[in-house]
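Analysis of the macromolecular model
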Amino acid sequence: MQAIEITHPGAPDVLKICERPMPALKAGEVLIKVHAAGVNRPDVLQRTGNYPVPPGASDIPGLEVAGEIIDGDVSGSGFKIGDRVCALVQGGGYAEYCAAPAAQCLPVPKGWSMLEAASLPETFFTVYSNLFERARLSGDEVLLVQGGSSGIGVTAIQMAHALGHRVIATAGTDDKCRACEALGAERGINYRTEDFVEVVKSLTGGKGADVILDMVAGDYVAREIECMADDGRLVIIALLGGAKGTIDFGQILRRRLTVTGSTLRPRPVAFKQMVADKLRARVWPLLESGQIKPVIFQSFPLAEAAAAHTLMETSTHVGKIMLTVA
Ligand SMILES: NC(=O)c1ccc[n+]([C@@H]2O[C@H](COP(=O)([O-])OP(=O)(O)OC[C@H]3O[C@@H](n4cnc5c(N)ncnc54)[C@H](OP(=O)(O)O)[C@@H]3O)[C@@H](O)[C@H]2O)c1
């Protein structure tokens, strides 16, 4: 089969089309004929040598695909050979064929194309598990999404808004802020020209955000603590601004704050199956009713994966960057 490999760590042009053997299936896995695959920032980190491939995972990049199940162990999964699915995978998405645990497959939502469905798994599993499992976002709580125009950000805004929560988002340009508002954020904050701490406090009557989804960390954490509501929860999912910062533990103590985080990729299949089940029950109906829409910025043929990574690194995109395979 044709696939994209990382010939050595480096700039986007280390991504080269190659011939690889078909994936070998393990117990509980299905073989997907890939129609489209999503590009995610962790793929960029993997390409530059900053995100080691977990043991047993394919070294081919790509964490999400959509396509047709053509072989494998479908017993007990509710799927059959020929079904159109999207799947969260541990690697191997940038290829014509990809192995996926059946437990990590979800049906292509009614009314969605394969390309659109391939944009779902990585950000929907990540956002759902962090907002609703780790941070327990509920009721009329206010969510602050840092990086609102990212693939993760557009998912978080739409999902939390569709489930009835107030959402505020930050982004790096005024245009990106307006895009966040069009997706359901009540206010996009341009973090380059405005102080998100002040804006969040003012929008919440001084109370602060109940939950913050953060991909920046570093010196953001101290500022986020300043604009968290009492009993607030901060979930760190990436370290784009650095892994270290100085925080006032007194605030955590006095105001009962929680600082937590997670990475999805190394979690076991059983955890991802639990998230898949919850997504299917709670979020898939919102995709099929049109309350949550695909946000695809641009797609590239598989052979042009390097151009897709170059675009992601310019950070001019709003939403998802995709690869079309078949
Ligand atoms: N923990 C997990 O399980 C998990 C899973 C998936 C993804 N992630 C992480 O989540 C992040 C988003 O992933 P993605 O695929 O959605 O990537 P993406 O679309 O490339 O988004 C990255 C975003 O980060 C923003 N950004 C970069 N540096 C920033 C800074 N210093 N301050 C504020 N914003 C900054 C950029 O917006 P501006 O240009 O407007 O600043 C851009 O929107 C990545 O860091 C990724 O590694 C984590």
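Residues numbered from 1 in each chain as written. Predicted model: local features only at pLDDT ≥ 70, side-chain atom pairs only at ≥ 80, totals over all residues. Heavy atoms only, no water.

1. Here we look at the environment of Arg178
To be explicit about the condition: For the purposes of this entry, the term helix denotes a DSSP run of H or I that reaches at least four residues, the term strand denotes a run of E that reaches at least two, and both are numbered from the N terminus. For the exposure calls, accessible area comes from a 1.4 Å probe over protein chains only, and a residue counts as buried if that area is under 20% of its type's maximum, exposed if over 50%, partly exposed in between.
Counting through the fold element by element, Arg178 comes out in helix α5 (residues 174-182). Owing to a relative accessible area of 41%, Arg178 belongs among the partly exposed residues under this scheme. Each C-alpha atom, one on Arg178 and one on Gly188, is 6.3 Å from the other, the two residues being ten residues apart in sequence.

2. Brief notes about the packing of aromatic side chains
For clarity, the threshold we go by: Centres within 6.5 Å make a pair out of two Phe, Tyr or Trp rings, where for Trp the six-membered ring is used; the pair is then stacked when the planes are under 30 degrees apart, edge-to-face when over 60, and tilted otherwise. Consider the ring centre and the ring normal. A charge sits over the ring if Lys NZ or Arg CZ is within 6 Å of that centre and within 35 degrees of that normal.
Tallying each qualifying case throughout the model produces three aromatic pairs. The interplanar angle of 35° and the centroid separation of 5.0 Å between the aromatic rings of Tyr128 and Phe132 together place this pair among those described as tilted. Taken together, the positions of Tyr128 and Phe132, both in helix α3 (residues 121-134) and four residues apart, correspond to about one turn of that helix. The exposure class assigned to Tyr128 is buried, which follows from its relative accessible area of 3%. Relative accessible area serves as the criterion here: at 9%, Phe132 is assigned to the buried category. For the cation-ring pair, Arg265 lies above Tyr51, with the distance from its terminal atom to the ring centre recorded as 5.2 Å. Over the aromatic face of Phe132 sits the side chain of Arg282, whose NZ or CZ is 4.8 Å from the ring centroid.

3. Regarding the pattern of salt bridges
Two side chains that carry opposite charge are able to pair once their charged atoms sit near each other. In plain terms, the rule: Take a side-chain nitrogen of Lys or Arg and a carboxyl oxygen of Asp or Glu: if they are within 4 Å of each other, that pair is a salt bridge.
A complete count under the given rule lists 15 salt bridges for this structure. Between Glu5 and Arg20 there is a salt bridge, and its shortest N-O distance comes to 3.0 Å. With Glu5 in strand β1 (residues 2-6) and Arg20 in the loop between β2 (15-19) and β3 (29-39), this residue pair connects regions lying 15 residues apart in the sequence. Here Arg233 ties to Glu141 by a salt bridge, and the two come within 2.7 Å at their closest N and O atoms. Pair noted here: Arg233 is in strand β12 (residues 228-236) and Glu141 is in the loop between α3 and β8 (142-145), with a separation of 92 residues, a long-range link. Like Glu141, Arg233 is buried. Three or more residues are tied together by salt bridges with common partners; here these are Glu5, Arg20 and Asp59.

4. Focus: the sheet that holds strand β11 (residues 209-214)
Put simply, the rule reads: Two strands are counted as paired when DSSP detects at least two bridges linking them. Whenever a helix is involved, its axis is fitted only over the stretch in contact; in every case the axis is a line through C-alpha atoms, and angles between N-to-C directions fall within 0 to 180 degrees.
Pairing is parallel across the open sheet formed by six strands, whose spatial order is β10-β9-β8-β11-β12-β13. The open sheet is flanked by β10 (187-190) and β13 (258-261), the only strands paired with a single partner. Each strand of the sheet is rotated relative to its neighbour by a mean of 20°, with strand direction disregarded. Pairing between β8 and β11: three bridges, direction parallel. Among the inter-strand pairings, Leu144 is bridged to a residue of β11, identified as Ile212.

5. Considerations on the domain arrangement of the protein chain
The following threshold applies: What marks off one domain from the next here is an automatic or database domain assignment. The contact rule is simple, with two residues in contact once any of their heavy atoms fall within 4.5 Å. The term buried area denotes the loss of accessible surface (1.4 Å probe radius) that occurs when two parts are joined, taken as the sum for both partners.
Domain annotation of the protein chain identifies domain 1 (2-119 + 294-324) and domain 2 (124-261). A straight line from the C-alpha centre of domain 1 to that of domain 2 covers 28 Å. Every contact between the two is made by ten residues of domain 1 and, on the other side, nine residues of domain 2. A combined buried area of about 780 Å² lies between domain 1 and domain 2, and 74% of that area is made up of carbon and sulfur atoms. A per-residue breakdown of the area domain 1 buries against domain 2 is headed by Leu88, Val295 and Val318, which together make up 45% of the total. At the junction of domain 1 with domain 2, the criterion picks out zero salt bridges.

6. Some thoughts on the nonpolar core
Quick note on the threshold: Note on terminology: a nonpolar core comprises buried Ala, Val, Leu, Ile, Met, Phe, Trp, Tyr and Cys residues joined through side-chain atoms within 4.5 Å.
Core analysis: the largest hydrophobic core is formed by 73 residues, its most contacted members being Leu131 and Leu279. The biggest single contributor to this core is helix α9 (residues 269-288), with eight residues. Both domains that furnish three or more residues to this core are identified here as domain 1 (2-119 + 294-324) and domain 2 (124-261). Apart from residues lying up to four places away in sequence, Leu279 is in contact with Leu106, Phe124, Phe125, Tyr128, Met159 and Trp284. The next biggest cluster of nonpolar side chains, apart from the first, holds 37 residues, and it includes Ile32, Ala37, Val89 and Ala306.

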